[in-house]
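Letter by letter, the chains look like this.
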Amino acid sequence: APMMVALSARVYMGLSMTLSAIALGTTALAANQVIDSLYWLFCPLGEAVSLCMQAYLPPLLLKGRSLARRLQKSALRGASGLGFVAALAAGSLPVFAWQLFTASAPVAATMARTAPSLALALGTYVLACATEGMLVARKQLRFLAGAHLLNTLTLTFLLSRIVRCSGCGLQHVWALFGFCNMLRLGEFS
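Just so you know, these numbers come straight off a predicted model, no measurement behind them.

### Observations concerning the side chain of Ser20
Part 1: Relative to the elements of secondary structure, Ser20 occurs in helix H1 (residues 2–23).
Part 2: The class of Ser20 is buried, set by a relative accessible area of 5%.

Listed below in structure tokens is the structure:
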């Protein structure tokens, strides 16, 4: 049941992001389609590290803490590199290859403004996935579910407020999501 709570919270978080883009208008929504797709395109890099932790960490925990610590350090180094690659690629595409996604200048401009926030959100996501996989390997599922639920409720509340602010754009929505992923990284470490 805790993993179902965690997964449901993550799905609701994604819905909240889309609803925030809707509140910002059609240009933001169109740009969000691209930004969100790029985010999910590169997310498997983090999920792969998480799955490796879930598969390989439990047997090492049984053998001793020193082997487990070595694997965790290696995973965090790998996740750092993968997070950098994912952030760079996803952050560059909306700026330098926007023609692949749209012919609309306003949508392209919104994508370009949001690209740094996408890079932040994706880079921190990959790192948070590594630490999340470590928690799953240690069977810290209730903590994980509680953290995801609290983070989702907090993000949803903040998004509902930020989209009402004058001058708020899609880049602010994604920056808030990036900070949420930074929070997850801190919570799970």
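### Focus: the packing of H1 against helix H2 (residues 26–42)
Part 1: It is at 6 Å that the axes of H1 and H2 come closest, and there the two elements cross at 145°. Where H1 approaches H2, its residues Thr18, Ala21 and Ile22 are matched on the opposing element by Ala28, Leu29 and Asn32.
Part 2: Split by residue class, the contact of H1 with H2 holds four nonpolar, two polar and no charged.

### Some points on the nonpolar core
Part 1: Ranked by internal contacts, the top residues of the largest apolar core, which has 40 residues, are Tyr39, Leu155, Trp174 and Phe177.
Part 2: Mapped onto this core, the elements with two or more residues apiece are H1, H2, helix H3 (44–63), helix H4 (65–96), helix H5 (105–137), helix H6 (141–162) and helix H7 (170–188).
Part 3: Broken down by element, the residue count for this core peaks at eleven residues, all from H5.
Part 4: Phe177 has contacts with Met13, Met17, Tyr39, Ala121 and Leu155, leaving out every residue within four places of it along the chain.
Part 5: In terms of nonpolar packing, the next biggest core, distinct from the first, is built from five residues, Leu135, Leu144, Ala147 and Phe188 among them.

### Looking at the packing of H5 against H7
Part 1: Two numbers describe how H5 lies on H7: the axes approach to 8 Å, and their chain directions differ by 15°. Judged by the inter-axis angle, H5 sits roughly parallel to H7. Crossing geometry of H5 relative to H7 is assigned as left-handed.
Part 2: The residue makeup of the contact of H5 with H7, split by class, is 15 nonpolar, eight polar and three charged.

### Considerations on the confidence of the model for the protein chain
Part 1: With 100% of its residues at a pLDDT of at least 70, the protein chain reaches an overall mean of 96.
Part 2: Considering each helix and strand of the protein chain separately, the mean pLDDT is smallest for H1, with a value of 95, and largest for H2, with 98.

So, how was this worked out
- Residues numbered from 1 in each chain as written.
- Predicted model: local features only at pLDDT ≥ 70, side-chain atom pairs only at ≥ 80, totals over all residues.
- Heavy atoms only, no water.
- Helix = DSSP H or I, 4+ residues; strand = E, 2+ residues; numbered from the N terminus.
- Buried < 20%, exposed > 50% of the residue type's maximum accessible area, 1.4 Å probe, protein only.
- Axes fitted to C-alpha atoms, helices over the stretch in contact; angles between N-to-C directions.
- Contact = heavy atoms within 4.5 Å.
- Nonpolar A, V, L, I, M, F, W, Y, C, P; charged D, E, K, R; others polar.
- Core = buried A, V, L, I, M, F, W, Y, C linked by side-chain atoms within 4.5 Å.
- Parallel < 35°, antiparallel > 145°, perpendicular 65-115°, else oblique.
- Left-handed = near helix turned anticlockwise from the far one by under 90°.
- pLDDT = per-residue confidence, 0-100.

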